[in-house]
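Below are the chains, spelled out letter by letter.
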Amino acid sequence: MIVGVPGETAADETRVALTPPVAEKLTGRELEVCVASGAGEGSDWADADYRDVGCDVVDDRETVFERADVICRVRGLAANDEEPMDPYADGQVVIGTLGPYDLADRTYDELATRRVSALALELMPRISRAQSMDVLSSMASIGGYKATLLAAEQLPKLFPLEMTAAGTVRPAEVFVIGAGVAGLKAIATAERLGASVKGYDIRLEVKQEVESLGADFVELDLETEGSGDDEGYAVEMGEEFYEQQRKELGRVVPESDVVITTAAIPGAPAPELVSTEMIEGMDDGLVIVDLSAPTGGNCEPTVAGETVEHDGVTIFGPTNLPATVAHTASQLFANNLYNLLDHLLEDGELVLDTDDEIVDSTLLTHDGRIRRPHEDDGGGTAANGEDEDADADADADDEPAEGAADA
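All of these numbers come straight from a predicted model, not from anything done at the bench.

Caption draft 1: Examining the overall build of the chain more closely. Across its full length, the chain carries 11 helices and 20 strands. Counting only residues that meet the buried cut, the chain has 53% of its 407 residues in that class. Within the structure as shown, the chain displays about 17,800 Å² of accessible surface, and the carbon and sulfur contribution to it stands at 43%.

Laid out in structure tokens, this is it:
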């Protein structure tokens, strides 16, 4: 079996899906790894590093698509949805963060027509045996760390308490909204930098985690029953709830020097939690980092991919902070990807058994069928739009395989 790494084409993407140390694990299992020249340059891995571990480095990415059975991508589909689809071959497997919530119908149709098996890592189930494959958590942790550093660099105050002969400097007040992976990492990083930190989440069960990091947990006077799903993700609430939430947050945000927002809902726009009125209550020179900018942002003035100023407050809307530390981010991404490959490999071949919850949850298209597991029960439709169960006597080649956010 040949595993291919064509590299990334998105303008802001510097990560690579497989690093040389991970590629070496694959070649050690008698798999071939084919890498496009320059694929690792953005994350400081040279072509020679790949050759040294037994990879075949080819001159152009098209050759990778021609040769590989499995294509490994960091951002493989939705990141390039406005461009022609990469030349995935008939029956090929593509694994990566594929943007399933944003894919156009035509993309699903084309994948199914080409009989491509597409596994979206964003849909990895939150179960214990999938933790080592959880790319979203790995990247969110980096995002939370970098968001705190970004704020610390911009803020015209020190984060830590300083007691000097010239006087005492009060610690910066940092408020983190959302206590998922990114939020908890932001809290931990701000604490290590010496700030006075508060954290808030709609899910009261994370209070202990916030406090274990040394931060104070902010409790709002809200009815939060039904605010999380079985996997621990926040769910979309009604506008009446968000209006009350904004009212309650309005007493905390203006008191903060730094606000880091991470609240996200998988497959839905980010809830708007911080209004322009709250921001106007903050002092000039203070900072907000909105990690939910890619899905609309938690702050009213946020613009994805831009830094804006509102009433003297700087608001960052980063969309790909992990790519700013591409070497480490690629190491973690590649390790997650390898753990998935290791799970799927049997006797040197990739086995996609939809009875397996990991496969069933992540497989967008397979064997000519559109599955969309994040939208329905995974039953799927054929590329021509026919229902999967339309004819029990259909040709075997047209049947599916047997069986089964916050930031």
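So much for the structure itself; the text now carries on.
Caption draft 2: Molecular detail of the sheet that holds strand S12 (residues 258-261). Here seven strands make up an open sheet; going across it, the order is S11-S10-S9-S12-S13-S15-S14 and the pairing mixed. Every other strand in the sheet has two partners, leaving strand S11 (216-217) and strand S14 (307-310) as the edge strands with one partner each. Note: strand S10 (residues 196-200) against S11, two bridges, orientation parallel. When the bridges of S11 are listed, Lys198 appears paired with Asp216.

Caption draft 3: Spatial organisation of the pairing of strand S4 (residues 70-75). Of all six residues in S4, five are buried, a share of seventy percent or more. Relative to S4, strand S1 (residues 2-5) runs parallel, the two being bridged by two bridges. Among the inter-strand pairings, Val3 is bridged to a residue of S4, identified as Val70. Looking at chain direction, S4 and strand S5 (residues 93-97) are connected through four bridges and run parallel. For Cys72, the partnering residue across the bridge sits in S5 and is Ile95.

Caption draft 4: View of the side chain of Ser361. Note on placement: Ser361 falls in helix H11 (residues 357-362). One polar contact links the side chain of Ser361 to the main-chain carbonyl oxygen of Glu357, over a distance of 2.8 Å. If we ignore the near neighbours within four places in the chain, the residues touching Ser361 are Leu123, Pro125 and Pro373.

Caption draft 5: The arrangement of the pattern of salt bridges in detail. Evaluation of the coordinates by the stated rule reveals 20 salt bridges. For the salt bridge of Asp12 with Arg75, the shortest nitrogen-to-oxygen distance reads 2.8 Å. Highlighted residues: Asp12 in the loop between S1 and helix H1 (20-27) and Arg75 in strand S4, separated in sequence by 63 residues. Of the residues examined, Asp12 reaches a relative accessible area of 34% and is grouped as partly exposed. Classification of Arg75 by relative accessible area gives partly exposed; the value is 21%.

Caption draft 6: Region of interest: helix H10 (residues 326-344). Its 19 residues place the ends of H10 26 Å apart at the C-alpha level, agreeing with the 27 Å of an ideal helix rising 1.5 Å per residue. Regarding H10, the residues found buried are Ala326, Ala329, Ser330, Phe333, Ala334, Asn336, Leu337, Tyr338, Leu340, Leu341 and Leu344.

Caption draft 7: Spotlight on helix H5 (residues 135-154). Between its first and last C-alpha atoms H5 spans 28 Å; for 20 residues at 1.5 Å apiece the expected length is 28 Å, and the two agree. Within the span of H5, buried status applies to Val135, Ser138, Met139, Ala140, Ser141, Ile142, Gly143, Gly144, Ala147, Thr148 and Ala151. Summarising the contacts, the buried residues of H5 are in contact with S5, helix H6 (181-192), S12, strand S13 (287-290) and H10. Regarding H5, its N-cap is Asp134, as a side-chain oxygen of that residue lies 3.3 Å from the backbone nitrogen of Leu136 further along.

Caption draft 8: Here's a closer look at unusual backbone geometry. Of note, the phi angle at Asp367 is positive, near 55°, even though the residue is not glycine. Relative to the helices and strands, Asp367 is located in the loop between strand S18 (363-366) and strand S19 (369-370). A positive phi is found at Arg372, a non-glycine position, where the angle reads about 45°. As for its placement among the helices and strands, Arg372 is situated in the loop between S19 and strand S20 (381-382). On the accessibility criterion, Arg372 (17% relative accessible area) is buried.

Caption draft 9: Highlighting the packing of aromatic side chains. Applying the stated criterion to the full structure yields one aromatic pair. One residue, Arg372, lies across the ring of Tyr108, its end atom 4.0 Å from the ring centre.

Caption draft 10: Structural view of the packing of H5 against H10. Taken N-terminus to C-terminus, the directions of H5 and H10 make an angle of 165°; their axes are 9 Å apart at the nearest point. Judged by the inter-axis angle, H5 sits roughly antiparallel to H10. Viewed along their axes, H5 and H10 form a crossing whose handedness is right-handed. Contact residues: H5 offers Val135, Ser138, Met139 and Ile142, while H10 offers Thr328, Ala329, Leu332, Phe333 and Asn336. In terms of residue class, the contact of H5 with H10 is made up of six nonpolar, three polar and no charged.

Caption draft 11: View of the environment of Gly183. Following the sequence through the fold, Gly183 ends up in helix H6. Looking at Gly183, the relative accessible area reads 0%, which means it is buried. Sequence separation of Gly183 and Asp201 is 18 residues, and the distance between their C-alpha atoms is 9.1 Å.

Caption draft 12: Local environment of the packing of H1 against H10. Following both chains from N to C, one finds H1 and H10 inclined at 15°, their axes separated by 9 Å at the closest point. Viewed along their axes, H1 and H10 adopt a mutual orientation that is roughly parallel. Where H1 crosses over H10, the two elements pack in a sense that is right-handed. Two secondary-structure elements touch here, H1 through Val22, Lys25 and Leu26 and H10 through Ala334, Asn335, Tyr338 and Leu341. Each residue belonging to the contact of H1 with H10 can be placed in one class, and the counts come to five nonpolar, one polar and one charged.

About the criteria used
Residues numbered from 1 in each chain as written. Predicted model: local features only at pLDDT ≥ 70, side-chain atom pairs only at ≥ 80, totals over all residues. Heavy atoms only, no water. Helix = DSSP H or I, 4+ residues; strand = E, 2+ residues; numbered from the N terminus. Buried < 20%, exposed > 50% of the residue type's maximum accessible area, 1.4 Å probe, protein only. Areas by Shrake-Rupley, 256 points an atom, 1.4 Å probe, with all protein chains shown as cover. Pairing = 2+ DSSP bridges. Polar contact = N/O pair within 3.5 Å; in protein donor to acceptor, adjacent residues only side chain to side chain. Contact = heavy atoms within 4.5 Å. Salt bridge = Lys/Arg side-chain N within 4 Å of Asp/Glu carboxyl O. Expected span 1.5 Å × (residues − 1). Phe/Tyr/Trp six-rings, centres within 6.5 Å; stacked < 30°, edge-to-face > 60°. Lys NZ or Arg CZ within 6 Å of the ring centre and 35° of its normal. Axes fitted to C-alpha atoms, helices over the stretch in contact; angles between N-to-C directions. Parallel < 35°, antiparallel > 145°, perpendicular 65-115°, else oblique. Left-handed = near helix turned anticlockwise from the far one by under 90°. Nonpolar A, V, L, I, M, F, W, Y, C, P; charged D, E, K, R; others polar.

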